[in-house]
Amino acid sequence: MANSVQAKKRIRQNERRRVINKSRVSRIRTFVRKVEEAIAAGDKSAAGEALKSAQPEIMRGVTKGVLHKKTASRKVSRLSARVKALA
């Protein structure tokens, strides 16, 4: 258990960040899921719209530090390739 004041404060900060990061990752997953559902339904226009809204959300995850830059780029790239393949 933490004994110093600094360690106790760090525990409090870590818990706050954990909750915030968890909600950010969950939000990103929701946007990605909407794209995947539109792709599964075969609706190209809906998939394109969902991708347009998911892309900034994924990149926001990079700036907030919950996703690595290359991970986000890979996700966007694969999703856009799948949307493009619906043609």
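First, a word on what this report is: a plain description of the structure on this page.

Turning our eyes to something else, we now look at the pattern of salt bridges. Working definition: two side chains of opposite charge can pair if their charged atoms are close together. Within the structure shown, the criterion is met by 5 salt bridges. With its nearest N and O atoms 2.7 Å apart, the salt bridge here joins E57 to R27. Residue E57 is located in helix α2 (residues 44-64), and its partner R27 is located in helix α1 (residues 5-41); the two are separated by 30 residues in the primary sequence. Residue classification places R27 among the partly exposed positions, given a relative accessible area of 45%. The shortest N-O distance in the salt bridge between R33 and E37 comes to 3.1 Å. Taken together, the residues span about one helical turn, with R33 and E37 both in helix α1 at a distance of 4 residues. Overall, the relative accessible area of 40% leaves R33 in the partly exposed class. Taken together, the shared-partner salt bridges in this structure form one network comprising R27, E57 and R60.

Take α2 next. Given 3.6 residues per helical turn, the α-helix brings residues three or four places apart onto the same face. The terminal C-alpha atoms of α2, which comprises 21 residues, lie 30 Å apart, in line with the 30 Å expected from a rise of 1.5 Å per residue. Contact partners of the buried residues in α2: α1 and α3 (69-84). Directly beyond the C-terminal end of α2, a positive phi value near 90 degrees is found at G65.

Basis of the calculations
Residues numbered from 1 in each chain as written. Predicted model: local features only at pLDDT ≥ 70, side-chain atom pairs only at ≥ 80, totals over all residues. Heavy atoms only, no water. Salt bridge = Lys/Arg side-chain N within 4 Å of Asp/Glu carboxyl O. Helix = DSSP H or I, 4+ residues; strand = E, 2+ residues; numbered from the N terminus. Buried < 20%, exposed > 50% of the residue type's maximum accessible area, 1.4 Å probe, protein only. Expected span 1.5 Å × (residues − 1). Contact = heavy atoms within 4.5 Å.

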